[in-house]
Each structure stands twice: as structure tokens, then as C-alpha cells.
Amino acid sequence: MKTLIYILFLGLFSVFSCSTEEVTNENTETTETEIYFPPLDSDTWETKPISDLEWNEDQLQPLLDFLEEFNTKSFIILHNGKIVVEAYMNEHNANTLWYWASAGKTLTTAITGIAQNEGFLNLNDKVSDYLGTGWTNAPLEKENLITNKHLLTMTSGLDDSNDDISAENLNYLADAGTRWAYHGVFLKLQDVVAQATNDTWNNYFNTKLKDEIGMNGFWLPFESTNVYWSNTRSMARFGLLMYANGKWENEQIIPETYLNEAINTSQTINEAYGYMWWLNGKASYHLPQTQFEFSGELIPNAPDDMFAGLGKNDQKLYIIPSKELVIVRMGDAASEENFALSSFDDELWEKINALID
């Protein structure tokens with residue numbers, strides 16, 4: 001079926017279950033320098049015509065054709081919060097829920113910062129202060145080296161060769177802070193938050209983040225992980241919160257100081273990794289399932305200041321402050337299955353650049 005394009009003044013449906021969100025024309029008094037936030041108590045999300053941005057309109061359809069060809073299901077571009085492009089394809093629509101995969105790690109990052117700001121936990125505390133000793137299979141003196149920050153930065157030093165994060169499979173490999181390895185043990189932070197707040201992870205997440213910015217969706221445990229599912233606009237809402245330095249309208253949801261730490265290099269091993277955010281514009285980077293250091297930028301065609309949530313099979317959340325953009329791509333793997341970064345990122349940015357430059 002031909003690509004279904006939902007851009008500009010076209011009505012779209014997106015609220016969880018069967019409710020809808022309506023795209024409307026610009027009709028507020030906000031200036032171009034102000035960030036627009038879609039209201040929480042309305043189905044409205046304002047739009048901005050491509051012509052207002054002086055982009056290359058003739059490059060929109062080639063971009064959408066490329067996306068459809070490479071197994072994309074949904075795609076959104078926000079400029080200063082307003083929708084410029086929104087498209088659904090390959091049997092997907094605005095109401096359909098899809099998995100964030102590892103792009104959802106960034107949600108755990110956000111909640112950890114919120115919990116710390118509320119005084120429930122500290123990044124520099126030992127994980128065992130919250131989970132008790134024996135949460136790993138490491139010798140006690142090595143387990144006690146692991147802090148909450150080590151989980152945020154993927155530097156726990158635990159063996160990443162097994163996806164199972166039950167205690168008997170969390171074996172010592174290196175001292176915490178000395179080795180970067182992309183591993184599901186970060187999920188222990190959700191247990192830390194639950195213990196620290198005396199609440200469930202789901203309830204604390206819903207109360208402190210999801211409901212505060214009007215997201216839909218839910219966490220779905222799968223094997224040894226916990227995966228977030230939502231519609232595409234919910235990922236765009238979270239991206240907008242990050243673009244706005246953690247603020248939604250007049251409320252600071254994520255502490256700004258913490259957020260700045262999250263989107264900058266967090267350790268000395270992988271320059272392109274913050275607190276579970278991938279960072280462009282660095283001199284080198286590491287990738288999942290390898291200890292090899294690659295020279296050059298993570299995504300050469302993307303702006304240097306871009307930071308991204310990257311998930312399995314090409315789930316993408318890009319935030320580009322210099323361009324005032326938030327971009328979301330959901331779908332199946334563009335080609336081969338992958339854990340985060342793939343060649344599709346750079347190819348997609350070539351098409352995006354043709355549109356916006």
C-alpha cells in the first residue's frame with residue numbers, strides 16, 4: 001500500500017486504547033523561539049508547515065519512500081515541539097503500540113534522576129545498599145564496588161556474555177568502572193528505584209513521568225528484560241521533554257543538572273555514551289557485544305550535538321538541539337537485526353539532511 005502520509009493539517013489518532021489526538025493549525029501566541037508542548041488534557045498537537053522552515057519539500061517523499069522500503073512503521077519530526085512530519089506505513093497507524101527496545105533505557109535514566117532529586121537514592125551509593133548483598137554472583141568485595149552510577153554507565157564490570165540478570169548469572173569480570181559493556185544489568189536500577197521509593201516501578205514511573213507529560217503505554221516483562229510499549233507520539237513526547245532540558249511547560253520533570261550529565265560522556269572508556277544515551281560528535285565509540293574501540297563519530301551524517309536513544313531493530317529517538325528537532329522512527333529492522341546502532345542510522349540521516357538542509 002502506498003505510504004500513508006500524515007503531515008501538516010491532517011487529523012491523526014494516537015491516545016492509548018481507542019481515543020485520538022487531533023492535529024490542528026497553529027493558533028497560539030507562542031513565538032518561534034518558544035517550545036510548544038501538546039496539552040495533557042486535550043487531543044490537540046499543533047503543526048508547522050515545511051514551507052515555514054524553508055526546507056526542501058521535494059525531498060519529503062523520497063524520505064518517506066526510503067522509510068517504507070526499509071521496514072519503518074512510524075516516523076515523526078518535531079520542530080520546537082510542533083509536528084512537521086508524521087507518517088505511518090507498513091500496516092501501522094497512530095494508535096498502534098510498538099516496543100521501544102533499548103531506546104527505553106533512557107526512561108530508566110530519567111526516573112533514576114527524578115528519584116535522586118526527591119532524595120530517595122544517590123547515584124554514588126552501592127547497589128547493595130538498596131538490593132542487599134548477594135544480588136550478584138561476584139565476591140562481596142567486588143559486588144560492593146558497583147554503584148548505581150556504574151549501572152547507568154554500563155560499567156558494572158559484570159560478565160555480559162549472558163542475558164540472564166538473575167544473581168547466579170551476574171559474574172565478576174572486572175572491577176566496576178574499568179570496563180564498558182552493554183548489558184541488561186541496568187534493569188537492576190528499576191529494582192533500586194522500587195526499593196528506595198517503597199513503591200512499584202510501574203506506579204512510580206507512571207506518576208513521575210508518564211502522566212506528567214501525557215504519554216501512553218506500559219512496561220511489559222519479557223524473558224530477562226522489561227520493555228516499554230507505546231504509540232509513536234508518546235516517544236515523541238519524551239523526546240520533547242529531553243529537548244526542553246527536562247521541563248514540561250513550567251514544570252521541571254527531570255533535574256536539569258542531572259540531565260546534562262546524562263547527555264554527556266559519562267566515563268572514560270566509551271566517549272559516545274552518557275547515562276544510557278548515545279552521543280554523536282565524539283572522537284570514538286564502542287558498540288554492544290564488543291570491546292573494540294571504533295574511531296570517528298557514531299553517526300557521521302548526523303549533527304555533532306545529537307544525542308539518541310537507540311533500540312533493537314532500529315527503534316530511534318534522536319534529539320538535535322542545534323536544529324531544534326526531535327525525530328522518532330519505529331519499526332522492524334531496516335535490514336539485519338541489531339542491538340542499537342546500525343548502518344541504517346547514517347543512511348537515514350543522509351535522507352533527513354536532504355530534506356532539512
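What counts and what doesn't
Residues numbered from 1 in each chain as written. Predicted model: local features only at pLDDT ≥ 70, side-chain atom pairs only at ≥ 80, totals over all residues. Heavy atoms only, no water. Patch = residues over 30% accessible without salt bridge, like charges linked within 9 Å, V, L, I, M, F, W, Y side chains within 5 Å. Areas by Shrake-Rupley, 256 points an atom, 1.4 Å probe, with all protein chains shown as cover. Salt bridge = Lys/Arg side-chain N within 4 Å of Asp/Glu carboxyl O. Lys, Arg positive; Asp, Glu negative; His and termini not counted. Charge placed at Lys NZ, Arg CZ, Asp CG, Glu CD. Helix = DSSP H or I, 4+ residues; strand = E, 2+ residues; numbered from the N terminus. Buried < 20%, exposed > 50% of the residue type's maximum accessible area, 1.4 Å probe, protein only. Expected span 1.5 Å × (residues − 1). Pairing = 2+ DSSP bridges. Core = buried A, V, L, I, M, F, W, Y, C linked by side-chain atoms within 4.5 Å. Contact = heavy atoms within 4.5 Å. Polar contact = N/O pair within 3.5 Å; in protein donor to acceptor, adjacent residues only side chain to side chain. pLDDT = per-residue confidence, 0-100.

### Quick look at a negative patch on the surface
Turning to step 1, where the next piece is worked out: Taken together, Asp 163, Asp 164, Glu 168 and Glu 223 make up a surface patch of like negative charges.
Turning to step 2, where the next piece is worked out: Within the secondary structure layout, Glu 168 lies in the loop between α6 (148-153) and α7 (188-197).
Turning to step 3, where the next piece is worked out: Judged by relative accessible area, which is 53%, Glu 168 ranks as exposed.

### Considerations on helix α11 (residues 343-356)
Turning to step 1, where the next piece is worked out: Between its first and last C-alpha, α11 extends 20 Å over 14 residues, near the 20 Å set by a 1.5 Å rise per residue.
Turning to step 2, where the next piece is worked out: Considered for burial, the residues of α11 that qualify are Phe 344, Asp 345, Leu 348, Trp 349, Ile 352, Asn 353, Leu 355 and Ile 356.

### So, the pairing of strand β16 (residues 325-331)
Turning to step 1, where the next piece is worked out: Burial runs high along β16: seven of the seven residues are buried.
Turning to step 2, where the next piece is worked out: Direction of pairing for strand β4 (residues 72-79) relative to β16: antiparallel, over a ladder of seven bridges. Counterpart to Thr 72 in the pairing with β16 is Gly 331.
Turning to step 3, where the next piece is worked out: Sheet topology note: the strand β15 (residues 315-320)/β16 ladder contains five bridges and is antiparallel. In the sheet register, Tyr 318 faces β16, and the bridge partner there is Ile 327.
Turning to step 4, where the next piece is worked out: Linking β15 back to β16 in an antiparallel pair, the connection comprises four residues, with Glu 324 at a positive phi of about 60 degrees.

### Details of the nonpolar core
Turning to step 1, where the next piece is worked out: Residues Leu 209, Phe 238, Ile 254, Trp 277, Tyr 318 and Trp 349 are the most contacted members of the largest nonpolar core, which totals 114 residues.
Turning to step 2, where the next piece is worked out: If near-sequence neighbours (up to four positions away) are discounted, Tyr 318 is found in contact with Ile 299, Met 306, Phe 307, Ala 308, Leu 310, Leu 325, Val 326, Ile 327, Asp 345, Leu 348 and Trp 349.

### With respect to the side chain of Asn 169
Turning to step 1, where the next piece is worked out: For Asn 169, the position within the fold is in the loop between α6 and α7.
Turning to step 2, where the next piece is worked out: Separated by 3.2 Å, the side chains of Asn 169 and Asp 164 make a polar contact.
Turning to step 3, where the next piece is worked out: For Asn 169, the contacting residues outside a window of four places in its chain are Asn 162 and Asp 164.

### Section: the confidence of the model for the chain
Turning to step 1, where the next piece is worked out: Confidence in the prediction of the chain, expressed as mean pLDDT, is 91, and 91% of residues score 70 or more.
Turning to step 2, where the next piece is worked out: Across residues 1-32, where pLDDT falls below 50, the model places 100 contacts with residues more than four positions away in sequence or in other chains.

### Regarding the environment of Ile 213
Turning to step 1, where the next piece is worked out: Secondary-structure assignment places Ile 213 in helix α8 (residues 201-213).
Turning to step 2, where the next piece is worked out: Once the C-alpha coordinates of Ile 213 and Phe 37 are considered, the two residues, 176 residues apart in sequence, prove to be 8.9 Å apart.
Turning to step 3, where the next piece is worked out: Not counting chain neighbours up to four residues away, the residues in contact with Ile 213 comprise Leu 40, Arg 237, Phe 238, Leu 241, Trp 248 and Ile 253.

### Focus: the environment of Ala 272
Turning to step 1, where the next piece is worked out: Considering the arrangement of structural elements, one finds Ala 272 in the loop between α10 (256-262) and β11 (278-279).
Turning to step 2, where the next piece is worked out: Looking at Ala 272, the relative accessible area reads 1%, which means it is buried.
Turning to step 3, where the next piece is worked out: Sequence separation between Ala 272 and Ala 283 is 11 residues, and the spatial gap between their C-alpha atoms is 8.2 Å.
Turning to step 4, where the next piece is worked out: Discounting chain neighbours no more than four positions away, the residues touching Ala 272 are Trp 277, Trp 278, Leu 279, Lys 282, Ser 284, Tyr 285 and Leu 298.

### Considering the sheet that holds strand β6 (residues 98-99)
Turning to step 1, where the next piece is worked out: The strand order across the open sheet built from three strands is β6-β8-β7, with neighbouring strands paired in antiparallel fashion. In the strand order of this sheet, the two ends are held by β6 and β7 (218-222), each with one partner.

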